[in-house]
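Survey of secondary and tertiary structure
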Amino acid sequence: MHLVSPSLLSADFGNLQREIEMLNESACDWLHVDVMDGVFVPNISFGQPVVKHIKKHARKPLDVHLMIVDPGRYVNGFREAGADILTVHYEACTHLDRTIHAIKDAGMKAGVVLNPHTPVALLEDIVQECDLVLLMSVNPGFGGQKFIENTYAKVRQLRELCDRKNPQCLIEIDGGVNVTNAPLLYEAGADVLVAGNAVFKSPDPKQTIIDLK
Ligand code: DX5
Ligand code: ZN
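One structure accompanies this document, and this report is about it. (Residues numbered from 1 in each chain as written. Chains lettered and ligands numbered in written order. Predicted model: local features only at pLDDT ≥ 70, side-chain atom pairs only at ≥ 80, totals over all residues. Heavy atoms only, no water.)

1. Examining the pairing of strand β3 (residues 62-67)
Among the six residues that make up β3, six are buried, leaving the element largely enclosed by the rest of the structure. Judged by which residues are buried, β3 turns out to be covered on both faces: L62, V64 and L66 on one side and D63, H65 and M67 on the other are all buried. Relative to β3, strand β2 (residues 31-36) runs parallel, the two being bridged by six bridges. Looking at β3, one finds that V33 is bridged to V64. Bridge count for β3 against strand β4 (residues 85-89) is four bridges, and the pairing is parallel. Counterpart to H65 in the pairing with β4 is T87. (Buried < 20%, exposed > 50% of the residue type's maximum accessible area, 1.4 Å probe, protein only. Helix = DSSP H or I, 4+ residues; strand = E, 2+ residues; numbered from the N terminus. Pairing = 2+ DSSP bridges.)

2. Considerations on the layout of surface pockets
Space inside the largest pocket adds up to approximately 290 Å³. Looking at the largest pocket, it is lined by 25 residues, and the ones nearest its centre are F142, G143, G144, G175 and G176. Of all the secondary structure elements, the ones that give two or more residues to the lining of the largest pocket are β2, β3, β8 (192-195) and α7 (197-200). A class-by-class count of the residues in the lining of the largest pocket yields eleven nonpolar, twelve polar and two charged. (1 Å grid on protein atoms, 1.4 Å probe; cavity = no way out; pocket = protein on both sides within 12 Å on 5 of 7 lines; lining within 4 Å. Points joined across faces, edges and corners; volume = space filled by probe spheres on them. Nonpolar A, V, L, I, M, F, W, Y, C, P; charged D, E, K, R; others polar.)

This is a description of form; function is not addressed.
So, in structure tokens, the structure goes:
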């Protein structure tokens with residue numbers, strides 16, 4: 001499967017409705033929504049009220065990436081705001097199994113995110129519960145950063161783990177994705193690519209989405 005989830009973090013926040021309508025008309029599959037609390041990551045983005053407005057205009061599933069401490073506290077809040085897929089960081093959850101089940105019980109697809117330094121092997125006892133795993137290919141917090149090359153090896157390890165324990169689980173990659181590394185990521189076993197700057201700073205975002213697929 002080759003899915004593309006453009007990250008709204010790189011969109012023009014003053015014209016969010018227009019940006020979402022462009023994505024509605026594009027070939028993208030999901031809308032990636034980055035929530036940052038200024039504690040788990042150095043940056044602050046936006047919370048549920050903004051997600052609610054994004055939902056009002058979006059005609060594609062919202063892929064909400066929580067970069068916040070203790071995300072279990074906000075599962076129902078983001079469901080109410082309109083999240084379809086909710087991903088939480090391994091590094092931010094003390095009771096990850098509980099949080100993953102809470103996300104599924106609330107009616108969303110559940111994903112675990114790994115920072116670049118967190119080994120894939122730590123997913124051994126949780127991957128069977130996940131609808132997707134998101135590998136960070138930059139240190140989270142900002143758009144427009146350089147892709148970390150070690151990600152290819154991690155994608156291959158994760159593909160192997162998923163084939164063994166949960167073949168349905170999707171592999172998503174986030175950070176520094178562009179039209180050059182996209183084919184290599186799919187080849188390594190990725191299913192979903194997040195792209196912020198590559199889409200929104202491109203002269204033709206819709207064509208870039210097609211190229212990424
Ligand atoms: C980074 C965010 C990403 C970011 C990707 O912390 O999780 O989703 O918006 O942006 P690019 O594709 O520009 O690296
Ligand atoms: Zn993200």
